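The lines below spell out each chain.
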Amino acid sequence: MSVDLTWSSAVALADALAAGDATSVDMTQACIDRADAVDDRLHAYLHRTNERALEQARAADDRRKNGNLLSRFDGVPIAYKDIFATKDVPTTCASRILEGWIPPYDATVVARGHAAGLPMLGKLNLDEFAMGSSTENSGFGTSHNPWDLERVPGGSSGGSTALVAAGGVPWAWGTETGGSVRQPASLCGLVGVKPTYGLVSRYGLVAFASSLDQAGPITRTVSDAAALLGIAAGHDPMDATSYPRAAPDYLDGIDSGIEGMRIGIVKEFAGEGSQPGVRAGIEDAYRVLEKLGAELEEVSLPSFEYGISAYYLIAPAEASSNLARFDGVRYGYRTAEAKDVVEMMSKTRDEGFGDEVKRRIMLGTYALSAGYYDAYYGKAQKIRTLIIQDLAKAYESVDLIVCPTTPSTAFKIGEKSADPLAMYLSDIFTVPVNLAGNAAISVPCGVSADDGLPVGLQIIAKSLDEATMFKAAFAFEQSLGWAGTDASRPPLDGAA
Amino acid sequence: MSGGADAYETTIGLEIHVEMATNSKMFCGCPVAFGGEPNTRTCPVCLGLPGSLPVPNEKAVESTIKIGLALDCRIAERSLFHRKNYFYPDMPKNYQISQYDIPLCLQGAVDISGDFGSTRVGITRVHLEEDTGKSVHVGGSGRIGDSEYSLEDFNRAGTPLVEIVTEPDIHSADEAREFVSELRALLENLGVSDVRMEEGSLRVDANVSVRRIGEKEFGAKVEVKNMNSIRSVGRALEYEEKRQREALDAGQTLVQETRHFDEKAGTTSSGRLKEGSSDYRYFPEPDLVPFTPGDEWVETIRATLPETPAERRERFAAHYGLGEYDIGVLTSSKATADWFEAAAEVYTGEAKKVVNWITADLFGLLNEAGQELHETKIRPQQLARLVGLVDEGTISGKQAKLVLEEMFTSGEDADEVASKKGLSQVSDENLLAAAVDEVIAENADAADKVRGGQLNTIGFLVGQVMKKTRGQANPQIVNDLLRSKLSS
């Protein structure tokens, strides 16, 4: 039986490997060929490791022959957002300041990928240090949305979503701080997961805002997301904030349906603020959930409207400290000429960081400075507590909460880049979840009637209740019947 | 108005950094050790590489709690780490993981013998943090500002570092020295640190101010750094105290500043001026979770605390009947006190005799050889045996000194050295009688004088017998023999 090596899900590819219908080398080569064909238009990759991936693929094929598989997915290729440290492979965070840095170690997410036998195809574009919603802040050029090359793929994990959506790799790892997986997944018609804070180790994930950062799968199907999360999730002794136990198998019981499940609709997100096409798509999605037997009711999350404000104090504050280490002393970029060490550090940082990163470092430095700490950072932490309390209250009556992932479909490159505030607001529905630490997923609900671009439904679960979240997302995806069809594939080849 | 020593009062508070002698560093698995080939004991975590994360060392937390308990502190029910943000090339992350408003240990005290009897120095706080790397600035003055380049060694980076801050309860250089000495003994006794000031595992900074007696406000606070031994703590603070008094006498205004002690010159010199306090932008370390030591753990740790130096001093007085001076010398370091006890344990006579042999003779030899007690070849049990030989009358005190010297170089037992040197004292009356008779015959005049009651002449005759026996005769026995033979 022949298998479509470009568009099959990772689960389907694993089945094909098991059935002997394809080899890991076949599918790895198919990914390489596909990227060769499309990446000059997408600019998804920052660094490709084709030879190494093929070598890993050959090893996976040998293991399969010898019957000593590393995992069910041994041999299914993958790519990583270029913010995960990869041993012997350049890691830039899309920043000039890290140019030339080659980490001596693998991030835990990457190490667990290797341990499961996933050949690594390369490193994917992002907004510099994951600060942005469009990849326009990349130090190495913007990625393009395969649904419309003049539009952004979203961000910050936009390189990852562009490649997965274009069939260049079945799945990829992105990271979130305020929605950087869910938002670009939504804009590219993909599944994107923000796991519960601590579920996936942050070790080797170059920090933006430590209390918010969390790695998340980017896939074309819900099952693939559940599977990829399962590969990396669970305790890591290298991360003191890591969940203390092993993760369950999220594929187990994923198809058990949502009959009788109580699902909350966020009152505050119902009206203005979203494009008509997005609103219509989401309301259709609610009806699908009802049809599946879920009971929908309104919940109120009044603190959510302060989410963006709180986020833009907490995240920059932590970033200002996390990014202090980029000083030209030991690795990465260093300015050519300086009269002393202070000037060397200042010039290195001035020349190495892009505008958005500098803006956030300055915001954060200010928010933490003596005399302002309580008014800014302290108050933002109080809002964070309120958001956690509002969610806890809502979960007294519902099992899950749903809302749009983003207020609009993919916007044009350049449309918001001159207006940071407008850009920040594209994360309005995702940011509160990062502040609370809960799990959430963005699932495609087809395309907008306005512009034919993908719309994403966000399903927010309780902390560590990924299992319920995946069940609902899976039921919705199956009922909608969009994923895996031609309609879910961007018109990239026609436009070529 | 003229100053004079009595018109001023000195106020000193100390900040002491102690490197913990844990197996591994504070937030990673790299080994803790002094020196070594630069940058060989490092990993992504202690190098602060992008993406790396800290995981706290429980043993270091335990050591800090031990110190807190030994300093009579309250242990916080809940504590956490903060980030202290500032740029410096030897700090891998450009922030230091430290503690801020909720240190692990609070409000303790140490009693020292001060200028006016026993005095209590309050401990404000004891907290845990990570050490920085080490910079060597090449060219220029040796400071970073005008050096040609700097070399960085990160072997030390991430070593668990405990900071102990005292209240400004110290009023003289002597008291400061006494406090550091007491604290060092206490830390050594706990076994938590090497406490080697010359290697930087114990570092002392002092805040010194001087004011006219009766003034309400403290004088300008001067931070004195770079004191690399207990002796230099005394010298630096003596100098600084004098400098500030003289400046006030001369009508000058003192400024808040940091001054470095110059070991060679014995003076302090101005570093950078402190313009207010730096803004370290402290905030809770988001890579770590707050921790609650819990009563149960704290009590478990308390139960493992060794005898404190103060308790040991009391025991030395009660058990061995030693005086204050001897106790002071013996307990100045745990090593010395341990050495003494090992000797005293096997020695059957009065412990005071062993003390004399240690403090007078052995210390003299160590001094000459430039050795420390732990380096000597003599074991405590061997010294005890030597003192025993003197007690038994097998050798004289004078001979014992020669034996000790030999033991010091060879490490042999006292008996072995004594017999090899033919030094064993002759106490056998039958053997000595012949010599005594010969001396009486050869010195008839003197013998007659003794017989006639001039007992002071007997010393002369003893000397003659000693001469004849090449010093091996037991002088007490000779004396007794002469008396009995010359009594009429």
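**Student:** An account of the overall build of chain A is needed here, citing residue identities and associated values.
**Tutor:** Across its full length, chain A holds 16 helices and 11 strands. For 496 residues, the compact-globule estimate of 2.2 N^0.38 gives 23 Å, and the C-alpha radius of gyration of chain A, at 21 Å, lies within 12% of that figure. In terms of its C-alpha atoms, chain A occupies a principal-axis envelope of roughly 70 × 55 × 45 Å. Across the 496 residues of chain A, 61% fall into the buried class. Counting only contacts in chain A whose residues sit at least 6 apart along the sequence, the fraction spanning at least 24 positions is 75%.

**Student:** Explain the overall build of chain B residue by residue, including any values.
**Tutor:** The helix and strand inventory of chain B stands at 15 helices and 14 strands. Over its C-alpha atoms chain B spans a radius of gyration of 30 Å, topping by over 25% the 23 Å that the globule rule assigns to 488 residues. In terms of its C-alpha atoms, chain B occupies a principal-axis envelope of roughly 95 × 60 × 50 Å. Here chain B holds 488 residues, and 40% of them are scored as buried. Considering only contacts in chain B between residues 6 or more positions apart, those separated by 24 or more positions represent 69%.

**Student:** Can you break down the interface of chain B and chain A residue by residue, with the values?
**Tutor:** The interface is formed by 26 residues belonging to chain B together with 33 residues belonging to chain A. Classifying every residue of the side of chain B that touches chain A by side-chain character gives 16 nonpolar, 5 polar and 5 charged.

**Student:** Explain the domain arrangement of chain B residue by residue, including any values.
**Tutor:** By the assigned domains, chain B splits into domain 1 (5–300), domain 2 (307–420) and domain 3 (429–486). Placing the centre of domain 2 of chain B and that of domain 3 of chain B at their C-alpha centroids yields a distance of 34 Å.

**Student:** Before we move on, can you summarise the sheet that holds strand β4 (residues 95–98) of chain B with the specific residues and values?
**Tutor:** Pairing between the strands of a sheet comes from backbone hydrogen bonds, and it takes one of two forms, parallel or antiparallel. Residues and elements named next belong to chain B. In space, the 3 strands of this open sheet follow the order β4-β3-β14, with antiparallel pairing throughout. This sheet does not close on itself; its edge strands, each paired only once, are β4 and β14 (283–284). As paired elements, strand β3 (residues 82–85) and β4 share 4 bridges and run antiparallel to each other. Looking at the pairing, arginine 83 lines up with isoleucine 97 of β4.

**Student:** Which residues make up the environment of proline 248 of chain A, and what values go with them?
**Tutor:** Mapped onto the fold, proline 248 of chain A is located in the loop between α7 (222–232) and β7 (262–266). Taking C-alpha positions, proline 248 of chain A is 9.9 Å from leucine 229 of chain A, a pair spaced 19 residues apart along the chain.

**Student:** How would you explain the sheet that holds strand β2 (residues 78–81) of chain A if you had to name every residue and give the values?
**Tutor:** Residues and elements named next belong to chain A. Pairing is mixed across the open sheet formed by 11 strands, whose spatial order is β1-β3-β2-β4-β6-β5-β10-β11-β9-β7-β8. A single partner strand is all that each edge strand has here, and the edge strands are β1 (45–48) and β8 (295–299). Going from strand to strand, the sheet's axes swing by 25° on average, the running direction of each strand aside. The pairing of strand β10 (residues 439–447) with strand β11 (residues 454–461) spans 7 bridges and is classified as antiparallel. Looking at the pairing, isoleucine 441 lines up with isoleucine 459 of β11. Against the sheet, helix α5 (residues 158–165) makes contact with β1, β2, β3 (120–124), β4 (171–176) and β6 (214–219), and its axis sits at roughly 155° relative to β4, the strand it touches most. The strands touched by helix α8 (residues 276–291) are β7, β8, β9 (400–404), β10 and β11; relative to β11, the strand with the most contacts, the crossing angle is about 50°.

**Student:** Break down unusual backbone geometry for me, citing the residues and quoting the values.
**Tutor:** Excluding glycine, residues mostly have negative phi values, and the peptide bonds linking residues are mostly trans. The omega angle of the peptide bond from glycine 155 of chain A to serine 156 of chain A is 10°, so this bond is cis rather than trans. With respect to the helices and strands, the residue serine 156 of chain A is situated in the loop between β3 and α5. Of note, the phi angle at glutamine 107 of chain B is positive, near 55°, even though the residue is not glycine. Tracing the sequence through the fold places glutamine 107 of chain B in strand β5 (residues 105–114). Take glutamine 107 of chain B: there are 15 C-beta atoms within 10 Å of it, and that puts it in the partly exposed class.

**Student:** Let's hear about the pairing of strand β1 (residues 8–19) of chain B: which residues, and what values?
**Tutor:** All names here are of chain B. Bridge analysis of β1 against strand β10 (residues 202–212) gives 11 bridges, and the strand direction is antiparallel. Bridge assignment links histidine 17 to a residue of β10, and that residue is arginine 203. Note that β1 and strand β9 (residues 160–166) share 5 bridges and pair antiparallel. In the strand pairing of β9, isoleucine 16 is matched with isoleucine 164.

**Student:** Give a description of the environment of glycine 200 of chain B that names residues and reports values.
**Tutor:** Following the sequence through the fold, glycine 200 of chain B ends up in the loop between α2 (173–190) and β10. Accessibility expressed as a C-beta count within 10 Å gives 16 for glycine 200 of chain B, which makes it partly exposed.

**Student:** Tell me about helix α15 (residues 466–480) of chain A, residues and numbers included.
**Tutor:** Relative to the 21 Å expected for 15 residues at 1.5 Å per residue, α15 of chain A spans 21 Å between its end C-alpha atoms, a close match to the ideal helical length. The elements touched by buried residues of α15 of chain A are α7, α8, β9, β10 and β11 of chain A.

**Student:** An account of helix α2 (residues 24–42) of chain A is requested, with residue identities and associated values reported.
**Tutor:** Residues and elements named next belong to chain A. Along its length, α2 shows its largest kink, about 40°, at aspartate 36. Those residues of α2 that sit buried are Ser24, Met27, Thr28, Ala30, Cys31, Ile32, Ala35, Val38, Asp39 and Leu42. After α2 finishes, the residue histidine 43 shows a positive phi value of roughly 50°.

**Student:** For the environment of arginine 334 of chain A, give the residues involved together with the corresponding values.
**Tutor:** All names here are of chain A. Mapped onto the fold, arginine 334 is located in the loop between α9 (307–322) and α10 (341–352). What makes arginine 334 partly exposed here is the crowd of 18 C-beta atoms within 10 Å. In sequence terms arginine 334 and leucine 42 are 292 residues apart; their C-alpha atoms lie 30 Å from each other. Excluding anything up to four places from it in sequence, arginine 334 contacts Gly328, Met344 and Thr348.

**Student:** Residue-level account of the pairing of β3 of chain A, with values.
**Tutor:** Residue and element names in this part refer to chain A. Counting buried residues along β3, 5 of its 5 residues qualify, which places the element largely inside the surrounding structure. Of the pairings in the sheet, the one linking β1 to β3 comprises 3 bridges and is antiparallel in character. Bridge assignment links tyrosine 45 to a residue of β3, and that residue is leucine 124. Judged from the 3 bridges that link them, β2 and β3 form a sheet pairing that is parallel.

**Student:** Could you give me a rundown of the packing of helix α12 (residues 429–442) of chain B against helix α14 (residues 458–468) of chain B, with the residues and numbers involved?
**Tutor:** All names here are of chain B. In contact at an axis separation of 9 Å, α12 and α14 are set at 125° when each is read in the N-to-C sense. By the angle class used here, α12 and α14 are oblique. For the crossing formed where α12 meets α14, the hand is right-handed. Where α12 abuts α14, its residues Ala435, Val436, Glu438 and Val439 lie against Leu461, Gln464, Val465 and Lys468.

**Student:** Give a description of the confidence of the model for chain B that names residues and reports values.
**Tutor:** Averaged over all residues, the pLDDT of chain B equals 88, while 97% of them reach at least 70. Both scores are available for the predicted complex, with the pTM at 0.85 and the ipTM at 0.95.

Rules and cut-offs
- Residues numbered from 1 in each chain as written.
- Chains lettered and ligands numbered in written order.
- Predicted model: local features only at pLDDT ≥ 70, side-chain atom pairs only at ≥ 80, totals over all residues.
- Helix = DSSP H or I, 4+ residues; strand = E, 2+ residues; numbered from the N terminus.
- Rg over C-alpha atoms; globule rule 2.2 N^0.38 Å.
- Buried ≥ 20, exposed ≤ 12 C-beta atoms within 10 Å, placed from the backbone.
- Contact = placed C-beta atoms within 7 Å.
- Nonpolar A, V, L, I, M, F, W, Y, C, P; charged D, E, K, R; others polar.
- Domains from an automatic or database assignment.
- Pairing = 2+ DSSP bridges.
- Axes fitted to C-alpha atoms, helices over the stretch in contact; angles between N-to-C directions.
- Expected span 1.5 Å × (residues − 1).
- Bend = angle between axes of the 7 residues up to and from the residue.
- Parallel < 35°, antiparallel > 145°, perpendicular 65-115°, else oblique.
- Left-handed = near helix turned anticlockwise from the far one by under 90°.
- pLDDT = per-residue confidence, 0-100.

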